[in-house]
Amino acid sequence: MPPRYDDHWIGGRWTASDADRRLVVTDPSTEAPLATVPAGTARDADLAVRAAARAFPGWSATPVPERAALLRRVVEGLERNAERFARTITAEVGAPSRMALRTHVGLAVGMAAHCVETAASYGFEERVGHSLVVREAAGVAACITPWNVPLLLTVQKLLPALAAGCTVVHKPSELTPLHARLLAEVFAEADLPPGVANMVVGTGDTLGTALVTHPLVDVVSLTGSTRAGRQVAALGADGIKRVHLELGGKNASLVLDDADLPAAVGATVDQVLFNTGQTCLQWSRLLVPRDRQDEAVELAGRIMDGYVTGDPRDPATDLGPLVSAAAHARVTDYILRGASEGGARLVRGGTGRPAGLSTGYYVRPTIFADVDPLTTIGQEEIFGPVLCVIPYDDEEQAVRIVNGTRYGLHGAVWSGDDGRAERVARRFRTGLVDVNGGSFNPAAPFGGFKQSGIGRECGSAGLGAFLETKSLQLPGHGGSGEPVVGPRLRATAPAGSPTGPTASPAPAPALAPTASPAPTAVRTEERNDG
């Protein structure tokens, strides 16, 4: 029998849920159950938020060096438990074991350490003239994270929030909640005060909605689909909550006519297949000069053929399964639509499992050539190992194609001239662009344009997402050099003075009271699934 968990991490202890429904966590490589967890309720959300609210005054008042010291213990705990996290991620996500340890966990540890050191050196106060500008914790943060790179994307939210002085309620995806239980143990071992970091498991429509609409939640940070982001934004609007969204992408890798084609295609294929194509940063569109498309397709196919798909626990495996039966069905549907719409050529892969794999949510790595950029597979995020090769005739057309979707998260430009590549990158309506293979920088802001999100994560911008700004106007320093005159004194100021009766504006008209509009109901099926 798989393990049965009946609790959430609330207020510094495992707290029984009142859920009467359970969720099954499935191993995507075997389709066998790994564990069952409670389908968290609105009551569970309320307990977690109230625990975070009680802990907020003390945690936000803790001096930054003391907060940083406690969070360094969290980083040490992540490092100490790296193998456990990697095994868990392989089991619940299907990530190959080497990738789980080196990338999923390795990047998470590095990101966590960077977040702590960013906060330790951050300027939380500055003088602006006679004002003291103070940046302080925004309050209770609800952090809703996805299943695809779960530990990294959790750390990317929780560590900046905690470093800023916020208290947190974390809702991991119900598909991959087991790593979050390990993370709660790390928080406990690091001696974080009770209620500072809480974790509840459940579905988006019930638990996610309860968190986003809770009156004691001040900040909502979601990584998920654009559909989920739209729903969370609508739910948060009623309480005028600060909402940060990191959403989907239909990212382009643009190979200019003077680029090193083998290097650019090789990097693009490696990137599009990372995590079996289940990343928002995936370069799912490869744009190449029309007269070099056949060469690019041949190169991409040869590289793709070298990837080994199979058991994620086998060290020789490069590509594991998709995360769920629903994900497998979705990617299969996109491949079918790609083969039937707009004249695209299926040149590698297709529907069905790879040879020799009869169980598990595996899909064949796939390449389409001659993709019309306006077709479904040229516009929509597939979230699987599918590469769309799009030919173009000139640089102007290429840039129009790059910018021709509703997304704007990530991209790449390749050229034999770094200056030209940078000039073209500046024309992307995209939050992050890799120029000739430039590597990811955790100190630089990360986020999207258009429907790829609102706000930025990473570096000082990621910390700032969880801070409010307050200006203290200090006494004895009138901005104009004149004495400060309050409104009561203006009525008795001498006639003819700048603040006397002759300078008084006409009284404002009285405003009749009006009834507040009724709140708009949100239909259940439209609520967040993040």
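Quick caveat, the model's predicted, so the values are computed rather than measured.

Considerations on helix H1 (residues 42-61)
Then, in step 1: With 20 residues, H1 should cover 28 Å at 1.5 Å per step; its first-to-last C-alpha distance of 29 Å lies within 8% of that length.
Then, in step 2: When H1 is considered as a whole, its buried residues turn out to be Asp44, Ala45, Ala48, Val49, Ala51, Ala52, Ala55 and Trp59.

What about the side chain of asparagine 81?
Then, in step 1: With respect to the helices, strands and loops of the structure, asparagine 81 is situated in the loop between helix H2 (64-80) and helix H3 (82-93).
Then, in step 2: With residues up to four places along the chain from it excluded, the contact list for asparagine 81 reads Val186 and Glu189.

A few points about the side chain of threonine 268
Then, in step 1: As for its placement among the helices and strands, threonine 268 is situated in helix H9 (residues 261-273).
Then, in step 2: Dropping the residues within four chain positions of it, threonine 268 is found in contact with Ser253, Trp283, Leu286, Leu387 and Trp414.

What to know about the nonpolar core
Then, in step 1: Counting residues in each nonpolar core, the largest one holds 59 residues, and the members touching the most others are Leu192 and Phe466.
Then, in step 2: Sorting the residues of this core by element identifies H1, H2, H3, helix H4 (97-120), strand S7 (140-144), helix H5 (150-164) and helix H6 (178-189) as the ones contributing at least two each.
Then, in step 3: The element that contributes the greatest number of residues to this core is H5, accounting for 10 residues.
Then, in step 4: Residues contacting phenylalanine 466, with those up to four places away along its chain left out, are Glu136, Ala137, Ala138, Ala141, Cys143, Lys157, Pro160, Ala161, Ala164, Cys166, Val219 and Ser221.

A short note on the pattern of salt bridges
Then, in step 1: Overall, the coordinates contain 31 salt bridges when judged by the stated rule.
Then, in step 2: Between glutamate 136 and lysine 470 there is a salt bridge whose closest N-O contact spans 3.2 Å. One end of the pair, glutamate 136, is in strand S6 (residues 131-137); the other, lysine 470, is in strand S20 (residues 467-473), and 334 residues separate them in sequence.
Then, in step 3: Ionic contacts of the salt-bridge type, sharing partners, join the residues Asp257, Asp258, Glu395, Glu396, Arg420 and Arg427 into one network.

Examining the confidence of the model for the chain
Then, in step 1: Across the chain, pLDDT averages 92, with 90% of residues at or above 70.
Then, in step 2: Note on residues 497-530: pLDDT under 50 across the span, and 40 contacts to partners over four residues away in sequence or across chains.

Some thoughts on the sheet that holds strand S12 (residues 252-255)
Then, in step 1: Taken in spatial order, the 7 strands make up an open sheet running S14-S15-S16-S13-S12-S17-S18, and their pairing is mixed. Where the open sheet ends on each side, the last strands, each with one partner, are strand S14 (345-350) and strand S18 (432-435). For this sheet, the mean inter-axis angle between neighbouring strands, taken without regard to orientation, is 15°.
Then, in step 2: Here S14 pairs with strand S15 (residues 364-369) via 4 bridges, running antiparallel.

Here we look at the packing of H9 against helix H10 (residues 293-305)
Then, in step 1: With their axes 9 Å apart at the nearest point, H9 and H10 run at an angle of 50° to one another. It follows that H9 is oblique to H10 by the angle criterion. Classified by chirality, the crossing of H10 by H9 is right-handed. Contact residues: Leu261, Pro262, Val265, Gly266, Val269, Asp270 and Leu273 in H9; Glu295, Ala296, Leu299, Ala300, Ile303 and Met304 in H10.
Then, in step 2: Considering only residue class, the contact of H9 with H10 consists of 10 nonpolar, 1 polar and 2 charged.

A few points about unusual backbone geometry
Then, in step 1: One non-glycine residue, glutamate 31, lies in positive phi territory at about 65°.
Then, in step 2: Assignment of secondary structure puts glutamate 31 in the loop between strand S3 (22-27) and strand S4 (32-38).
Then, in step 3: Even without being glycine, phenylalanine 383 reaches a positive phi, approximately 65°.
Then, in step 4: Mapped onto the secondary structure, phenylalanine 383 falls in the loop between helix H12 (376-379) and strand S16 (386-392).

Parameters at a glance
Residues numbered from 1 in each chain as written. Predicted model: local features only at pLDDT ≥ 70, side-chain atom pairs only at ≥ 80, totals over all residues. Heavy atoms only, no water. Helix = DSSP H or I, 4+ residues; strand = E, 2+ residues; numbered from the N terminus. Expected span 1.5 Å × (residues − 1). Buried < 20%, exposed > 50% of the residue type's maximum accessible area, 1.4 Å probe, protein only. Contact = heavy atoms within 4.5 Å. Core = buried A, V, L, I, M, F, W, Y, C linked by side-chain atoms within 4.5 Å. Salt bridge = Lys/Arg side-chain N within 4 Å of Asp/Glu carboxyl O. pLDDT = per-residue confidence, 0-100. Pairing = 2+ DSSP bridges. Axes fitted to C-alpha atoms, helices over the stretch in contact; angles between N-to-C directions. Parallel < 35°, antiparallel > 145°, perpendicular 65-115°, else oblique. Left-handed = near helix turned anticlockwise from the far one by under 90°. Nonpolar A, V, L, I, M, F, W, Y, C, P; charged D, E, K, R; others polar.

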